[in-house]
Amino acid sequence: MTTAAYQIDAPAKTTTLTHQYVAFGIMTAFFVVAPIFIYPVFLMQALCFALFACAFNLLIGYVGLLSFGHAMFLGTAGYISAHAAKVWGFPPELAILTGTAASALLGVLAGALAIRRQGIYFAMITLALAQMIYFFALQAPFTGGEDGIQAVPRGIMFGFLDLSNQMTLYWVVLAIFLFGFLLIYRIVHSPFGQVLKAIRENEQRATSLGYKTDHYKLIAFVLSAALSGLAGATKAIVFQLASLTDVHWTMSGEVVLMTLLGGLGTIFGPVAGAFIIIAMQNYLAQFGQWVTIIQGLIFVVCVLAFRRGVIGELGRYLKKPL
Amino acid sequence: MKLSRVLGLAAVTAFAAGTASAQISDNVVKIGVLNDQSGLYADLSGQGSVVAARMAAEDFGAEQKGIKVEVVFADHQNKPDVGSSVTRQWIDRDGVDVIVDTPNSAVALAVNEVVRGSRAAFLNSGAASSDLTGPKCSPNTVHWTYDNWALANGTARAIVQAGGKNWYFLTADYAFGHDLEKQVSIVVENSGGKVLGAVRHPLNTADFSSFLLQAQSSGAQIIGLANAGGDTINSIKQAAEFGIVRGGQKLAGLLIFLTDIHALSLDVAQGLQFTEAFYWDLNDSTRAWSERFAQRHGGKKPTMVHAGVYGAVLHYLKAVEALKSDDGAKVVAKMKEIPTEDPVFGKGQVRADGRHVHPMYLFEAKAPSESKGPWDYYKLIRTIPAEEAFRPLDQGNCPLVKKG
């Protein structure tokens, strides 16, 4: 990843962040009004992927670690929460938590191995681990092989929120997304987040300043894994299914695309990127395979022409980090 | 895709949904063809299924009978979540009354769950899973053309009876492959054959040489291909390179479509035996229908999936006409009540579990010298009568059957 993409973020550390609150307000207002105009299930799908991309961005945008296996967290949480809700009869909130916890645990194991290496080796280790999870999901008896886990009950959250009602479900998904988004915002702007950025800029210097960079990287990795898991678990409840698509390596690639397109290392970028990609997949679906080609073209254009991504370029135009 | 309909239509649809039970919702029977438009199943379903659905509407004489029929389509990209979200949008917003085709068992099972309990119906032609009319059967679903049980049973039993006693399996190493191998093995052993062994290969294998050599040296008369899609194509191609068929062994394919044979060419595919529900050259009526289909589909002959879409939609429209309603579960109930008849499958019926039963056929791919021209690929080995072709009603564990 080029350092050019990060420069935008550097002056942010002391300047006032009012405009980010304004941007957050605009985004939230959009999500509150959106279901009137846009089909809610599509919005929920986009929100799940937006959270996934934000979690991924936490790792690549703020620690500089390119994981190429994030689908394993999305998919594992999806399978575990689907299984918990369907077979163990968990209520949705517990099912989602179980899925998230499973992904966090997987994050600890995968992270402990992967953070020992950097750059392409880190990416390859995460990819290799994700492929193992893919084959596990394909073979394990409880995942239903290529059929996936179907007919997952949406259930009743906290005993009174009936999720079979589409709008109730939408508000729950929006709440989960905003929780994850704000958590990431908090992490990035905390002293802990400053250390992460220091590691991103120059790991040796951070080490020489006395930070145990491995610990910080592992914690960031686990947080990213858990939040990806939260997205995957929520998605399984929304779509009432967990399938191989979510653990396949193309999903790991898609999240890279979403983050790059929206703006690497920006707070709002991954949300915009996820919406653009999901909208393309939905509304261009009749073009079939062309969607992939269009995605590829957009990726090339993005890397060549505006490598800060949509939101990154917008932020540069406004001279304010978003 | 017409997913981005304006809000007004959504509101109209929502009102219509509330009163749909008594009449045809928004005065249009809207058929949504949901299948693979671009990937590995695009040839065997794809646009051909859209053509077949339109032909069914025309042959039914919808316009003359005052029923407006509209056909829309979408690509599920072989992703269950895409399939289920398209289905939801179609039902919730776009007023689609019936989802048809949907190859890929994973997507079909997902759609089956979305349609269950809704006001729409699901007519599956392209998917193989026997669960659609088994444990996961639904009052809104009809499974028209074929399923794993029928394919395994038809192919295995007929081959054993024709003298192919010793079997060896080339199995894709995941749930689908294991299942298929198990089902076929049971049939082989029950019909007096013997399974000599099996070799498992990983999903999406490019190089089958070591597996094929094991199969070759097993000395089995029949090599059963318990795999699908690209794996089947690759194993057949490479088996030809190893001269397995010329060496006297026969390949038994379990999921083979006319378009696969077309893509493979008879040089490679000759001698392959498999079961299908339909072939264009069966009789005068299938020939006439297929000719009309080919004229509208770039000269390509229909696969059994296309034929199934035609048959299912035609029967669905008859039920809608009889009922004067397009409420999913009610139409499906009516479809089970009236016997089926169409130029493609002839006479048949839809059982309580949603299974359409009709004869199945065991074919063998011709040698290139026997073929008279393009699309002349199959010779009929055996007709499997409808009673034998499908899983008996009481063995499917379908909850609808127990209740009935």
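Residues numbered from 1 in each chain as written. Chains lettered and ligands numbered in written order. Predicted model: local features only at pLDDT ≥ 70, side-chain atom pairs only at ≥ 80, totals over all residues.

### What about the sheet that holds strand β13 (residues 356-357) of chain B?
All names here are of chain B.
Link 1 in the chain: If you walk across this open sheet you meet the three strands as β11-β12-β13, and the pairing is antiparallel. Both edges of this open sheet fall to β11 (340-342) and β13, since each of them pairs with a single strand only.
Link 2 in the chain: Summarising the sheet, strand β12 (residues 346-350) and β13 pair through two bridges and their orientation is antiparallel. Residue V350 lies in a different strand from β13, and its bridge partner there is H356. (Pairing = 2+ DSSP bridges. Helix = DSSP H or I, 4+ residues; strand = E, 2+ residues; numbered from the N terminus.)

### Quick look at the confidence of the model for chain A
Link 1 in the chain: When pLDDT is averaged along chain A, the result is 89, and 93% of the positions lie at 70 or above.
Link 2 in the chain: Contacts for the low-pLDDT stretch residues 1-14 of chain A, under 50 throughout, to residues beyond four places or in other chains number 20 contacts. (pLDDT = per-residue confidence, 0-100. Contact = placed C-beta atoms within 7 Å.)

### Topic: helix α11 (residues 284-296) of chain B
Residue and element names in this part refer to chain B.
Link 1 in the chain: With 13 residues, α11 should reach 18 Å at 1.5 Å per residue; the first-to-last C-alpha distance of 19 Å fits that figure.
Link 2 in the chain: Restricting attention to buried positions, one finds in α11 the residues T286, W289, S290 and F293. Around the axis of α11, the buried residues are gathered within 100° of arc, so they sit on the same side. Exposed residues on α11 whose side chains face more than 90 degrees from its buried face are D284, A288, E291 and Q295. (Expected span 1.5 Å × (residues − 1). Buried ≥ 20, exposed ≤ 12 C-beta atoms within 10 Å, placed from the backbone. Arc of directions from axis to C-beta.)

### Focus: the interface of chain B and chain A
Link 1 in the chain: Taken together, the 28 residues of chain B in the interface contact 24 residues of chain A.
Link 2 in the chain: Residue assignment for the side of chain B that touches chain A shows that the elements contributing at least two residues are β2 (68-75), α3 (80-92), α4 (105-115) and α6 (175-190) of chain B.
Link 3 in the chain: With eight residues, the top contributor of residues to the side of chain B that touches chain A is α3(B).
Link 4 in the chain: Broken down by class, the residue content of the side of chain B that touches chain A amounts to 14 nonpolar, eight polar and six charged. (Nonpolar A, V, L, I, M, F, W, Y, C, P; charged D, E, K, R; others polar.)

### So, the sheet that holds strand β5 (residues 141-143) of chain B
One key point about sheets: their strands pair by backbone hydrogen bonds, in either a parallel or an antiparallel sense.
Residues and elements named next belong to chain B.
Link 1 in the chain: The five strands are arranged β2-β1-β3-β4-β5 in an open sheet whose pairing can be described as parallel. A strand with exactly one partner marks an edge of an open sheet, and here the two such strands are β2 and β5. Averaged over all pairs of adjacent strands, the angle between strand axes in this sheet comes to 20°, irrespective of strand direction.
Link 2 in the chain: Bridge count for strand β3 (residues 98-101) against strand β4 (residues 121-124) is four bridges, and the pairing is parallel. Residue pairing across strands places V98 opposite A121, the latter belonging to β4.
Link 3 in the chain: With respect to the sheet, helix α12 (residues 304-323) is in contact with β1 (28-35), β3, β4 and β5, its orientation differing from that of β3 by roughly 155°. (Axes fitted to C-alpha atoms, helices over the stretch in contact; angles between N-to-C directions.)

### Observations concerning the domain arrangement of chain B
All names here are of chain B.
Link 1 in the chain: Its domain assignment divides chain B into domain 1 (7-146 + 283-353) and domain 2 (150-276 + 360-384).
Link 2 in the chain: The C-alpha centroid of domain 2 is placed 30 Å from the C-alpha centroid of domain 1.
Link 3 in the chain: Counting residues at the interface gives eight residues for domain 1 and 10 residues for domain 2.
Link 4 in the chain: For the side of domain 1 that touches domain 2, the per-class residue count stands at five nonpolar, one polar and two charged. (Domains from an automatic or database assignment.)

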